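Coordinate inspection notes
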Amino acid sequence: MAPTQDHVDENARVSNKVYLQRDYSRGTACRFQNKFPTELKNRIDKELFEQTINHINTIFDDAERVGTRSYVEGCLGCLSAYLIYSCMTTQYDKMLKRLSDFITEQNQNVFVPRGLMITHPMERGLRVIEITILSPSDHR
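An unreviewed UniProt entry lists the protein under the name Ras modification protein ERF4, with Exaiptasia diaphana as the source organism. Word for word, the UniProt comment on the protein under Sequence similarities (unreviewed entry) is "Belongs to the ERF4 family."

Set out below in structure tokens:
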């Protein structure tokens, strides 16, 4: 049975979320807008926020860069019926790991101490970057 409005825990913490949309101004490459949301005004410095989003965009630029390595990876994939991917890590996967590490580090050192938390864009289907505004008891 689904909980009704009458049965909602009175101590439940409601968090606000801010969404940074994809930026298609330079084509369909995976990039996110770095416009500073007004909801974060008193929580984080604008320059620090923009540096974080720009770094995320740079990681995606590196992941989607087409070069000799990505060409060879694609050819090997086709020749092996994509079985090669079970025993090798692609350049794109390496960049996603780098992004995960960066987001974890930023959350630990920058965002959570300020009552914020970035959600990895892969968890939102690369559509948005979600920033959760934590309630005071969430980030202690």
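This next bit is on the overall build of the protein. Within the protein, the secondary structure is distributed over three helices and three strands. Secondary structure of the protein in N-to-C order comes out as β-α-α-α-β-β. In the protein, buried positions account for 33% of the 140 residues.

Our focus in this paragraph is helix 2 (residues 68–79). Taking 1.5 Å per residue as the helical rise, helix 2 with its 12 residues ought to reach 16 Å, and the 16 Å between its terminal C-alpha atoms agrees with that figure. Where helix 2 ends, the next residue or the one after it, Ala81, has phi of about 55°, a positive value.

Taking 1.5 Å of rise per residue, the 21 residues of helix 3 (residues 91–111) would be expected to cover 30 Å, and the 28 Å separating its terminal C-alpha atoms lies within 8% of that figure. When helix 3 is considered as a whole, its buried residues turn out to be Met95, Leu96, Leu99, Phe102, Ile103, Gln106, Asn107, Val110 and Phe111. For helix 3, the buried positions fall inside an angular range of 135° around the axis, keeping them on one side.

For the rest of this paragraph, the subject is a nonpolar patch on the surface. A contiguous nonpolar surface patch, about 290 Å² in accessible area, is contributed by Tyr71, Val72 and Leu76. Mapped onto the elements, Val72 comes out in helix 2.

Take the environment of Asp23 next. Within the secondary structure, Asp23 is located in the loop between strand 1 (16–21) and helix 1 (46–63). Along the sequence, Asp23 and Asn57 sit 34 residues apart, while their C-alpha atoms lie 9.8 Å from each other. The residues contacting Asp23, other than those within four sequence positions of it, are Ala29, Arg31, Phe32 and Gln33.

To continue, consider the packing of aromatic side chains. A complete count under the given rule lists three aromatic pairs for this structure. Judged by centre distance (6.0 Å) and plane angle (55°), the ring pair of Phe32 and Phe60 falls under tilted. Within this pair, whereas Phe32 is found in the loop between strand 1 and helix 1, its partner Phe60 is found in helix 1, the two being separated by 28 residues in sequence. Here Phe32 falls in the buried class, since its relative accessible area comes to 1%. Judged by centre distance (5.4 Å) and plane angle (80°), the rings of Phe36 and Phe49 are edge-to-face.

Rules and cut-offs
- Residues numbered from 1 in each chain as written.
- Predicted model: local features only at pLDDT ≥ 70, side-chain atom pairs only at ≥ 80, totals over all residues.
- Heavy atoms only, no water.
- UniProt positions renumbered as here; feature names shortened; annotations may be inferred.
- Helix = DSSP H or I, 4+ residues; strand = E, 2+ residues; numbered from the N terminus.
- Buried < 20%, exposed > 50% of the residue type's maximum accessible area, 1.4 Å probe, protein only.
- Expected span 1.5 Å × (residues − 1).
- Arc of directions from axis to C-beta.
- Patch = residues over 30% accessible without salt bridge, like charges linked within 9 Å, V, L, I, M, F, W, Y side chains within 5 Å.
- Areas by Shrake-Rupley, 256 points an atom, 1.4 Å probe, with all protein chains shown as cover.
- Salt bridge = Lys/Arg side-chain N within 4 Å of Asp/Glu carboxyl O.
- Contact = heavy atoms within 4.5 Å.
- Phe/Tyr/Trp six-rings, centres within 6.5 Å; stacked < 30°, edge-to-face > 60°.

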